Amino acid sequence: ILVFQDFSASKQGEEKMRRDNMELKRNNEDLQKFTAFASHDMREPLRKVMSFGNLLRKKYGDVLDEQGKDYLYRMQSAALRMEGYLGSVLNLARVGAVKTPMHSVNLNQAVADVVSDLESRLRESGGTVEIGDLPTLNADPIQMGQLFQNLIGNALKYRKKDVSPVVKISARRIDAENKFWEIAVADNGIGMDEKYLNRIFEPFERLHGRGEYEGSGLGLAICRTIVERHGGTISVTSGTGKGSTFIVKLPA
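Because the structure is a prediction, the values reported are computed rather than measured. As a convention, each chain's residues are numbered from 1 in the sequence order in which they are written. Note on the predicted model: pLDDT of at least 70 is required for a residue's local features to be given, and 80 or more for side-chain atom pairs to be given and counted; whole-chain, interface and lining totals, by contrast, use all residues. With hydrogens and water excluded, all non-hydrogen atoms of the structure serve as input to the side-chain values.

Colleague: Kindly report on the overall build of the protein chain, identifying the contributing residues and their values.
Modeller: Helix and strand definitions follow DSSP, with helices as H or I runs of at least four residues and strands as E runs of at least two, each counted in order from the N terminus. Tallying secondary structure elements over the protein chain gives seven helices and seven strands in all. Each helix and strand of the protein chain, ordered N terminal to C terminal, gives the series α-α-α-β-α-α-β-β-α-β-β-α-β-β. Accessible area is worked out with a 1.4 Å probe on protein chains only. A residue is then buried under 20% of its type maximum, exposed over 50%, and partly exposed in between. By residue count, 34% of the 252 residues in the protein chain fall in the buried class. When contacts within the protein chain are restricted to residue pairs at least 6 apart in sequence, those whose partners lie at least 24 apart make up 69%. For the accessible areas, the method is Shrake-Rupley and the probe is 1.4 Å, while residue cover comes only from the protein chains on display. In the form shown here, the protein chain has an accessible surface area of approximately 15,700 Å², with 53% of it arising from carbon and sulfur atoms. In what follows, a contact means two residues having at least one pair of non-hydrogen atoms within 4.5 Å.

Colleague: I'd like a rundown of the packing of helix α4 (residues 107-117) against helix α6 (residues 141-157), residues and numbers included.
Modeller: Under this scheme, a helix contributes an axis fitted over its contacting stretch, all axes are lines through C-alpha atoms, and angles between N-to-C directions fall in the 0 to 180 degree range. In contact at an axis separation of 9 Å, α4 and α6 are set at 55° when each is read in the N-to-C sense. The angle between α4 and α6 places the two elements in the oblique class. Crossing handedness for the pair α4 and α6: right-handed. The segment α4 lies against α6, with Leu107, Val111, Val114 and Val115 engaging Met144, Gly145, Phe148, Gln149 and Ile152. Throughout, the ten residues Ala, Val, Leu, Ile, Met, Phe, Trp, Tyr, Cys and Pro are labelled nonpolar, Asp, Glu, Lys and Arg are labelled charged, and all others, Gly among them, are labelled polar. Of the residues belonging to the contact of α4 with α6, the class tally is seven nonpolar, two polar and no charged. Orientation categories follow fixed angle ranges, with anything under 35 degrees roughly parallel, anything over 145 roughly antiparallel, 65 to 115 roughly perpendicular, and all other angles oblique. If you view the pair so one helix is near and one far, a crossing is left-handed when the near helix is turned anticlockwise from the far one by less than a right angle, and right-handed when it is turned clockwise.

Colleague: Residues and numbers for the pairing of strand β6 (residues 233-238), please.
Modeller: Of the two faces of β6, the one holding Ile234, Val236 and Ser238 is buried and the one holding Thr233, Ser235 and Thr237 is not buried anywhere. Alignment of β6 against strand β7 (residues 244-251), held across six bridges, turns out to be antiparallel. The residue bridging Val236 from the neighbouring strand is Phe246, located in β7. When DSSP locates at least two bridges between a pair of strands, those strands are taken to pair. In textbook terms, the turn of a hairpin is the stretch between consecutive antiparallel strands, and for β6 and β7 this stretch comprises five residues, one of which, Gly241, has a positive phi near 80°.

Colleague: Describe the pattern of salt bridges, with residues and values.
Modeller: The salt bridge criterion pairs a side-chain nitrogen of Lys or Arg with a carboxyl oxygen of Asp or Glu, the two atoms within 4 Å. For the structure shown, the criterion picks out five salt bridges. With a shortest N-O distance of 2.9 Å, Arg74 and Asp70 are connected by a salt bridge. Here the residue Arg74 and the residue Asp70 both occupy positions in helix α3 (residues 66-97), the gap between them amounting to four residues, near one helical turn. A relative accessible area of 55% means that Arg74 is categorised as exposed. Measuring nitrogen to oxygen at the nearest pair gives 3.4 Å for the salt bridge that ties Glu119 to Arg123. Taken together, the positions of Glu119 and Arg123, both in helix α5 (residues 119-125) and four residues apart, correspond to about one turn of that helix.

In short, shape yes, function no, at least from these values alone.
Dropping the structure here:
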């Protein structure tokens, strides 16, 4: 009887795993369908709104009064924001759905490539990025680039007025068995109140108004999805006016 019970439990476990895998496959298929829908069908009406708004401004801008011009500006600004939101949602969906092969990634080179891409923003802000000795990990190279681009980009965005931003990136082993790396991305920016630290990785969480800083509120949610996909964690330490340090822990 005991042998039969063990066998039955094993079969039940296999059946549950099969059902879970089927459900995961359906969820991924649904997500891919939504991504295709959002990338075309949802964006097409927005393109028409922006296109006709541009035509309206070009042809009738001179005859509109100040209130009419304000209405037109608000309409086009809202359409542009929605376009940005859709792009960010698509990026978040792709990070969770696309499973590209992982291979050896030199994080020093990955960060150097990001810094090169951000050259104009660094020049404009007078910012600098100090890169320490970073490890080589088994990872998705594109997503590692996305991760550091978001973190460094945020440091440049949320800088103090009249203070050149400085971003310092470092790494260290954090366990006796050398199974994990801790990568710190520290800045000298405006920081944030400690009460918000658990919220900022949620989608669409914004600590500042649209008029203060641009963005969709999905950058850090994308960072968390990338890190968790790699079997790691991300957290932040900060204080108002004290800068922020994002801590990424990844398997070695």
